[in-house]
Amino acid sequence: MSDAAESGRIPQEVVTRLSEAQRVAVLTGAGVSAESGIPTFRGKAGLWKNHRPEQLATPQAFRSDPALVWEWYHWRRGLVRQADPNPAHSALAEMENRIPHFVLITQNVDGLHMRAGSGNVLEMHGNINRARCCSCDNRIQLTDESGVLDCARCGSLMRPDIVWFGESLDPDILAQSYRAAGTADVFVVAGTSSVVQPAASLAFSVKEAGGFVLEINLDPTPLTGAADITVLGKAGEVLPELVKRMWENQTPGSLFQPDR
Ligand code: BV8
Ligand code: ZN
């Protein structure tokens, strides 16, 4: 059962486990980008006008109105371009530098983890700054053009390089995600409502294999009952505090800094 920590308090067990861990995998969701000003999917702010993400982020929506779907993604890309990584992203990049085997698995498509310096990132749902051809394997990096795009190679329609609802994830990325989660000493789940599959299943597969799951989220989720420890709080506050305490825990004597 989860030991749902009071808001923001990080139990020492979490610090010790992460400080001693050789292999850590982290799964992030929209809550990690919330403090960068990127609206979450199921938050009150909603994501765009009177459309729900589940309505627009589908192949059906793109087939019936590619211009509307491109408009939504161009609008979101504008938000992402104006956004900066927040302390949650930076803390995860810092954590990667301290832990021998570290994999960051993200459901987010905003690319903010890479901009914060994270290197070993698995983007489960694609990346909003890329487009791919509906017919051939042409992929392009989007700059600031907008409108509906045609493939320069074969003339077909280009689409956002995003995994939509009802579409299968890249099997290689999915396999790497399960392998990283399944071999981790600690599996951290941060800023996600843990409802979207198959990402939400990762933590449960870790628990079934006897692994340790730490959840960091603003609100309780369906994972909260199964996670070993849940820390309720903002990712931009909890993660930096966690990395700071890991550092203090790892450098003996650091607490007794000689008078400079
Ligand atoms: C698949 C790209 C096999 C799009 C995304 C019926 C028909 C078809 C499929 C299904 C179906 N029923 C179920 C499914 C499966 C479906 C699914 O899971 N649906 C859900 C809605 C039930 N999954 C799929 O379709 C997947 N593919 O299963 O393939 C298949 C094939 C054919 C038919 C059936 C199955 C594909 C899923 C990928 C969808 N694409 N993104 C885009 O971005 O435009 S998912 C989308 O949701 C985002 O990637 C997002 O990251 C992700 C998950 O949401 P969260 O990240 O958790 O965001 P959310 O707002 O929900 O929560 C934020 C959390 O943060 C909250 O808990 C909040 O408390 C917390 N928070 C807020 N602020 C902070 C914070 N925490 C900390 N600090 C803060 N400051
Ligand atoms: Zn093409």
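Residues numbered from 1 in each chain as written. Chains lettered and ligands numbered in written order. Predicted model: local features only at pLDDT ≥ 70, side-chain atom pairs only at ≥ 80, totals over all residues. Heavy atoms only, no water.

(A) Fine view of the sheet that holds strand E7 (residues 158–162). Spatially, 3 strands are ordered E6-E5-E7 in an open sheet, and the strand pairing comes out antiparallel. Edge positions in the sheet fall to strand E6 (139–141) and E7, since each has one partner strand and no second. Taking each pair of neighbouring strands and ignoring which way they run, the sheet shows an average axis angle of 40°. Here strand E5 (residues 126–133) pairs with E7 via 4 bridges, running antiparallel. (Pairing = 2+ DSSP bridges. Helix = DSSP H or I, 4+ residues; strand = E, 2+ residues; numbered from the N terminus. Axes fitted to C-alpha atoms, helices over the stretch in contact; angles between N-to-C directions.)

(B) View of the site of ligand 1. Around ligand 1, the surrounding shell holds 36 residues, and the nearest of these are Arg 42, Tyr 73, Arg 76, Ser 193 and Asp 219. Between a nitrogen atom of ligand 1 and a main-chain N or O atom of Glu 167, the distance comes to 2.7 Å. Protein coverage of the free-state accessible area of ligand 1, which is 1,400 Å², stands at 75%. For the shell around ligand 1, the secondary structure elements donating two or more residues are helix H2 (30–33) and helix H5 (66–82). (Near = heavy atom within 4 Å. Polar contact = N/O pair within 3.5 Å; in protein donor to acceptor, adjacent residues only side chain to side chain. Areas by Shrake-Rupley, 256 points an atom, 1.4 Å probe, with all protein chains shown as cover.)

(C) Structural view of empty space enclosed by the protein. This structure, assessed with the given rule, holds 2 cavities of 30 Å³ or more. Roughly 40 Å³ of volume is contained in the largest cavity. Every residue lining the largest cavity is listed: Leu 27, Val 189, Thr 192, Ser 194, Ala 199, Ala 200, Leu 202, Ala 203, Phe 204 and Leu 223. Among the elements that make up the lining of the largest cavity, the one with the highest residue count is helix H9 (residues 201–208) (3 residues). Here the lining of the largest cavity is built from residues that sort into 8 nonpolar, 2 polar and no charged. Its boundaries defined by the atoms lining it, the second largest cavity holds a volume of some 30 Å³. Lining the second largest cavity, in full, are Thr 106, Asn 108, Asp 110, Gly 111, Leu 112, His 113, Met 114, Val 121 and Glu 123. Elements with a minimum of two residues in the lining of the second largest cavity: helix H7 (112–115) and strand E4 (121–123). Among the elements that take part in the lining of the second largest cavity, H7 stands out by supplying 3 residues, more than any other. Classifying every residue of the lining of the second largest cavity by side-chain character gives 3 nonpolar, 4 polar and 2 charged. (1 Å grid on protein atoms, 1.4 Å probe; cavity = no way out; pocket = protein on both sides within 12 Å on 5 of 7 lines; lining within 4 Å. Points joined across faces, edges and corners; volume = space filled by probe spheres on them. Nonpolar A, V, L, I, M, F, W, Y, C, P; charged D, E, K, R; others polar.)

(D) A look at the environment of Val 24. Positionally, Val 24 belongs in strand E2 (residues 23–28). Between the alpha carbons of Val 24 and Met 124 there is a distance of 17 Å; along the sequence they are 100 residues apart. Here Val 24 is in contact with Leu 18, Ile 99, His 101, Phe 102, Val 103, Ala 184, Val 186 and Val 188, once residues within four sequence places are set aside. (Contact = heavy atoms within 4.5 Å.)

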